[in-house]
Amino acid sequence: MIEFLYQNHQRPVPTGKKDIVLTNCPHCIKIRKNSFAAYLDLAKSTYNCKTCGTRGSWQEYTRTLKKKLTSNQTEPQLISASNVFGSHHSQFSRPIEQVEAYPERLAQDTDVLEWLHTTYKIKPEVLRTYGVGLANYVDPDTRLREIQENKEVQESLCLTFPQTTLTYNPEAPEDESSPEGTFKLDTIRIKASSLDTPSETLAYDPPVPNRSISAGLFGYKTVTFESDSVIITRRELDAMAIFQETGIPSVSLPSSNYQLEESVLPLLERFSKLYVWLDDDVDGQLAADRFANKLGDSRCMIVSTRINSPHGPVNAHGALLEGEDLRSILGSARQIKHDEIMDFSDLREEVYSEIMNPEQTRGVQSKDLPGWNSLLKGHRSGELTILTGPTGSGKTTIISQLSLDYCQSGVPTLWGSFEILNKRLAKRMLYQYSGKDLSTAPQEIDAWANKFEQLPLYFLKFFSSTAIKDVLKACSHAVYAHDVRHIILDNLQFMLSQQGRSSLDRWELQDEAIAELRRFATQQDVHITLVVHPRKDIGEQLDINSVFGSAKVTQEADNVVIIQKPLKADGYRTLDVKKNRYDGTLGAMPYVFMKDSLKIRCLNDKETAKPKRISKPRYPKSTYPSAVNRADHAEYPLSTEEIAGQIY
């Protein structure tokens, strides 16, 4: 039975009860979000699903699962950045025996252990329990720099954090009475960090997760088969600090991008209580609420490190360094309320967080275009942005640059390009990511591509005309499976083309699509950027009424941005904000296009200011020659009245 599950890419996990494993329900898989809910009795050859309530025999399970897996209609139309480039970097860069020896190398280096204890207050026995090790890895930025300078690539000493998962152990004794003998822990990925900055990722090994196996969690080594509770943190240091002070099993997310991907959920299904302990700021608390909704509100508790202290530590490891009582902080965990109506006491903590973190309420800031931040203030979830501009003005180029900018800041992004093939879009984004024309530096392509595929970036497989319900179904899957926070749809006309029998039908179809996108952005708390063609393209300046469609398009939008062509030959193109629901700021950002990197650069006031005419100083009239004589002397400029008199 277990062999059949593995052959069909189903990853069962133990439940703590002998002969009972948890796996996907054949009826719920690819249909319902909480499909990993089927309890399979290996002894009785039966199953039952807690989500849909289906019960049946093992034969019924296999028959239904095969039928569902052979159907291509329910496949999610979604690929990651690594899929676009056809990456094959899903295996360890060195033998697994060497990887498993990393912890022993750290255990033998007493100087590093002492330094870690002194600097980060993590005890050696905790490091040993978590399997933290030492190894040499290459910093991707260093690799690029040394490739550019034709130098030999040098490795640096790193801390290694193993991400582990449960796999079936076929060599377990048949008379084993505990589920511990049925499953074993396997290391499937290593996160390497610098000794000086262990909270920042230097490299992953393998660079791309192996999609054929489930994802792993750092700290799953601390979980026993009797464990009923677990604490979820953002970083490895937070998990080790909590476990050290509380003794409760603690794990960290596979990356620091606030992504709890669908592939790791099976590892958390067996716990009846989950503590979500992320950074105590606006982004962290919003992510905690999302994770709780995904994992099940009834069994999740949200932990706030600061406990309404404005200047307290933002995370668990910071609290450990400042001598805070982590047990006391854990005891103040709250549960999410479900009431549709709430009073101020329910909102007080969120309001407090926004007041104390005003920079985060403005949203993610653009690093490429600082002038853009002064207009829209930032990139915020739950908003709908409309971008329009004349044909050939660079709408796709600009939005791909902005989306890549936010993605590099940790915003999981989904691209839906209905006009340009994904491989061409990815090529453009790779040029923008590297900041250069890579055709002139072919030796750097692999290094840049390796960095690019680490981004939380995904692409829809759809192209040209696609029903809005199919698009939103795929978007919903991306939000649930990958915690996508920014969705780009380029563009509305191509997506809805060849739909509707008459122009009136197409008009209503567009209004319906806009309403659905508006509703999706609000309910899923994601930012949707929608590219829309203007009504006309005859060279004049566009306004908010130039957006194609009815007034509903701009009414539903939170932001309306127009790419304006210059009015004069020596003018500049601008990104013109015509609507800004956040704070009402309107205005235009002039920019220039950089051909080599396929990026735009915003211009400051000094660059856009026209040179002033420099006039020579006038002399006192008493020292002037007569008007007639001065006509031949350029150093004595004539006044308008004098010139007029001469003409007369």
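Conventions we followed
- Residues numbered from 1 in each chain as written.
- Predicted model: local features only at pLDDT ≥ 70, side-chain atom pairs only at ≥ 80, totals over all residues.
- Heavy atoms only, no water.
- Axes fitted to C-alpha atoms, helices over the stretch in contact; angles between N-to-C directions.
- Helix = DSSP H or I, 4+ residues; strand = E, 2+ residues; numbered from the N terminus.
- Parallel < 35°, antiparallel > 145°, perpendicular 65-115°, else oblique.
- Left-handed = near helix turned anticlockwise from the far one by under 90°.
- Contact = heavy atoms within 4.5 Å.
- Nonpolar A, V, L, I, M, F, W, Y, C, P; charged D, E, K, R; others polar.
- Pairing = 2+ DSSP bridges.
- Salt bridge = Lys/Arg side-chain N within 4 Å of Asp/Glu carboxyl O.
- Buried < 20%, exposed > 50% of the residue type's maximum accessible area, 1.4 Å probe, protein only.

Draft legend 1. Molecular detail of the packing of helix 16 (residues 395–408) against helix 17 (residues 422–434). For the pair helix 16 and helix 17, the least separation of the axes is 10 Å and the interaxial angle reads 60°. In terms of orientation, helix 16 and helix 17 fall into the oblique class. For the pair helix 16 and helix 17, the sense of crossing is right-handed. Between helix 16 and helix 17, the contacting residues are Thr396, Thr397, Ser400, Gln401, Ser403, Leu404 and Gln408 on the first element and Leu425, Arg428, Met429, Gln432 and Tyr433 on the second. Here the residues of the contact of helix 16 with helix 17 sort into four nonpolar, seven polar and one charged.

Draft legend 2. Expanded view of the sheet that holds strand 5 (residues 55–57). Pairing in this open sheet of five strands is antiparallel, and the strands run 1-2-3-4-5 from one edge to the other. The sheet is open, and its two edges are formed by strand 1 (13–14) and strand 5, each paired on a single side. In this sheet, strand 5 lies alongside strand 4 (residues 46–49) in antiparallel orientation, the contact comprising three bridges. Paired with threonine 46 across the strands is serine 57, a residue of strand 5. Here helix 2 (residues 58–69) sits on the sheet and contacts strand 2 (20–23), strand 3 (38–41), strand 4 and strand 5; the angle it forms with strand 5, its principal contact strand, is near 100°.

Draft legend 3. Looking closely at the pattern of salt bridges. All told, the structure shown has 22 salt bridges when counted by the stated rule. One salt bridge connects glutamate 236 with lysine 191, and the closest N-O pair in it is separated by 3.2 Å. One end of the pair, glutamate 236, is in helix 9 (residues 236–246); the other, lysine 191, is in strand 9 (residues 183–194), with 45 residues separating them in the sequence. Both residues of the pair, glutamate 236 and lysine 191, belong to the buried class. The salt bridge partner of arginine 601 is glutamate 607, with a shortest N-O separation of 3.0 Å. Residue class for glutamate 607 comes out partly exposed when judged on its relative accessible area of 32%. Here the salt bridges share partners, and the residues they tie into one network are Arg234, Arg235, Asp238 and Asp279.

Draft legend 4. Highlighting the packing of helix 17 against helix 18 (residues 445–452). Here helix 17 crosses helix 18 at 100°, and the two axes come no closer than 10 Å. When the axes of helix 17 and helix 18 are compared, the pair comes out roughly perpendicular. Residue-level inspection shows Met429, Leu430, Tyr433 and Ser434 of helix 17 in contact with helix 18, the latter providing Trp448, Ala449, Lys451 and Phe452.

Draft legend 5. Inspection of the environment of glutamine 401 at higher detail. With respect to the helices and strands, the residue glutamine 401 is situated in helix 16. Its relative accessible area of 2% is what places glutamine 401 among the buried residues. Separated by 31 residues in the primary sequence, glutamine 401 and glutamine 432 place their C-alpha atoms 6.6 Å from one another. When neighbours within four sequence positions are excluded, glutamine 401 is seen to be in contact with Asp368, Leu369, Gln432, Lys599 and Ile600.

Take it as geometry only, folks, not as evidence of what the structure does.
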